[in-house]
Amino acid sequence: MKLIVKVFPEITIKSPPVRKRFIRQLAKNIRMVLRDLDPQLVVNGVWDNLEVQTKLTDAKVLREMTERLSCTPGIAHFLQVDEYPLGDMDDIVAKCKAHFGPLLPGKIFSVRAKRAGKHAFSSMDVERTVGSQLRRECGAAGIDLKKPDVVVRLEIRDQRLFVIHDQHDGLGGYPLGALEQTMVLMSGGFDSTVAAYQIMRRGLMTHFCFFNLGGRAHELGVMEVAHFLWKKYGSSQRVLFISVPFEEVLGEILGKVDNSHMGVILKRMMLRAATRLADQLKIPALVTGEAISQVSSQTLPNLSAIDSATDKLMLRPLLASHKQDIIDQAVEIGTADFAKHMPEYCGVISVNPTTSAKLPRVVHEEKSFDMAVLERALERAKLVSIDEVIDQLGRDIEVEEVSQVLPGQVVIDIRHPDAQEDQPLSLAGIEVKAMPFYALNNRFKELDFTRQYLLYCDRGVMSRLHAHHLLSEGHANVRVYRPT
């Protein structure tokens, strides 16, 4: 099979040195993406396209090749072709007839020809001659340039003829590795995954940074969707998955910051941590999935207050996007199913969040925050190559749910203290302990290991995540309480 890869049009308007560099990078990326399918793959570069040649014939492998190329940044589209030495006009007609003749009887068709090089004829000459002879010799119903049933497509490049069988759309954008690196703050939901995709599609290498507020299960969920994004759209480059344990940071905020400013200050702490990590890795820009006023922390005053915590360039590709458009794109790129089951922690910590944070007030609130907590989180940050996280994804743990509490078991209410106060959990004859989710992992080891503990929250999401984490830490006496 031979493919002609057409590069993203914006590449062709670059200066000659930049254009050559981008096309060389794209050729390298194609080899990297397809090398496990065909180690003998040949990729040759020319001024405005690339030619990809494989000797493989297995239909399944060839479909996988086209799937991967369609998800590779830098490609506008690519053509599946048969190549022949260029003959005279009769030979061109004969080659087109051999490929398209069986498709034309009774059909309306058109001929599309492109030409590069010096020839005694024009592209229009080719279209007229091939069209008239195919109509006469193949029993076609007629020719219509606007709405044909069949399009006969060919390209002539110098002394070569390409008869085109199929065209596949690409992502566009620039080749990964040709531009700078970024770090995307990943929650695993709709917004951050679509933002990461859009940045990758533009050609920026994207590392993934996750601030863990939900234990091991939440971390595994974000690992999974980050690995999916990388594998499908960015596997030509090796990037990092970074996980920062942020439960203690959240606990410090909940204990010392006024309720109205918790969300803004949590985001500022995340930006401070991401900035430190980006500085270490020499990454010049941070990416988030924030959109204007989608939630309280994303109003213009709040975003301004949040951004003042970093000197990094902040990229927000979804800034003016509507939520439904974001969800639709998540469905299109394959991240929606991950996002549907991913909890959103940042939005649950403030009951009456401010929508117009003033920087002096924010700074005042942060004075009571112990920055040593943030330092400890950074010291415990884990950096792993994204292609290695798949090993961790396979080590999952089953979490048991129960709908009734047995005598002697203890129910741990892990909801936010405000929720515990507004709707106290009371079970006749059953011991109930209040232990907010942000304190659970540190305090659980102080409990009696001989007793059985059932974690409870309103929807069962956080309780399941934290039970998974405790089980992975070796605490076998944990279940989830989900009343019917």
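Just so you know, these numbers come straight off a predicted model, no measurement behind them.

Rules and cut-offs
Residues numbered from 1 in each chain as written. Predicted model: local features only at pLDDT ≥ 70, side-chain atom pairs only at ≥ 80, totals over all residues. Heavy atoms only, no water. Helix = DSSP H or I, 4+ residues; strand = E, 2+ residues; numbered from the N terminus. Rg over C-alpha atoms; globule rule 2.2 N^0.38 Å. Buried < 20%, exposed > 50% of the residue type's maximum accessible area, 1.4 Å probe, protein only. Pairing = 2+ DSSP bridges. pLDDT = per-residue confidence, 0-100. Axes fitted to C-alpha atoms, helices over the stretch in contact; angles between N-to-C directions. Parallel < 35°, antiparallel > 145°, perpendicular 65-115°, else oblique. Left-handed = near helix turned anticlockwise from the far one by under 90°. Contact = heavy atoms within 4.5 Å. Nonpolar A, V, L, I, M, F, W, Y, C, P; charged D, E, K, R; others polar.

A. View of the overall build of the chain. From N to C terminus, the chain includes 18 helices and 19 strands. For a compact globule of 484 residues, the expected C-alpha radius of gyration is about 23 Å, and the chain comes in at 29 Å, more than 25% above that figure. Considering only C-alpha atoms, the chain reaches an extent of 90 × 50 × 40 Å along its principal axes. The 484 residues of the chain split such that 52% are buried.

B. Representation of the pairing of strand β19 (residues 478-481) in the model. The two faces of β19 match: Val478 and Val480 on one face and Arg479 and Tyr481 on the other face are all buried. Across two bridges, the pairing between strand β15 (residues 401-402) and β19 is parallel. Its bridge partner being in β19, Val402 is matched across the sheet by Tyr481. Bridging between strand β18 (residues 453-456) and β19 involves three bridges; their strand directions are parallel.

C. Looking closely at the confidence of the model for the chain. With 96% of its residues at a pLDDT of 70 or more, the chain has an overall mean of 91. Confidence scores differ between elements of the chain, with helix α15 (residues 389-393) showing the lowest mean pLDDT of 66 and strand β12 (residues 285-287) the highest of 98.

D. Region of interest: the packing of helix α8 (residues 247-256) against helix α14 (residues 371-379). Interhelical geometry of α8 versus α14 gives an angle of 165 degrees and a closest axis separation of 8 Å. Taken together, the axis directions place α8 and α14 in an arrangement best described as roughly antiparallel. The hand of the α8/α14 crossing is left-handed. Together, Glu248, Val249 and Glu252 of α8 and Val373, Leu374, Arg376 and Ala377 of α14 make up the contact between the two elements. Counted by class, the contact of α8 with α14 contains four nonpolar, no polar and three charged residues.

E. Local environment of the sheet that holds β19. Pairing in this open sheet of five strands is parallel, and the strands run β15-β19-β18-β16-β17 from one edge to the other. The open sheet is flanked by β15 and β17 (431-434), the only strands paired with a single partner. The sheet contact formed by strand β16 (residues 410-413) and β17 spans four bridges and is parallel. Of the residues in β17, the one forming a bridge with Asp413 is Ala434.

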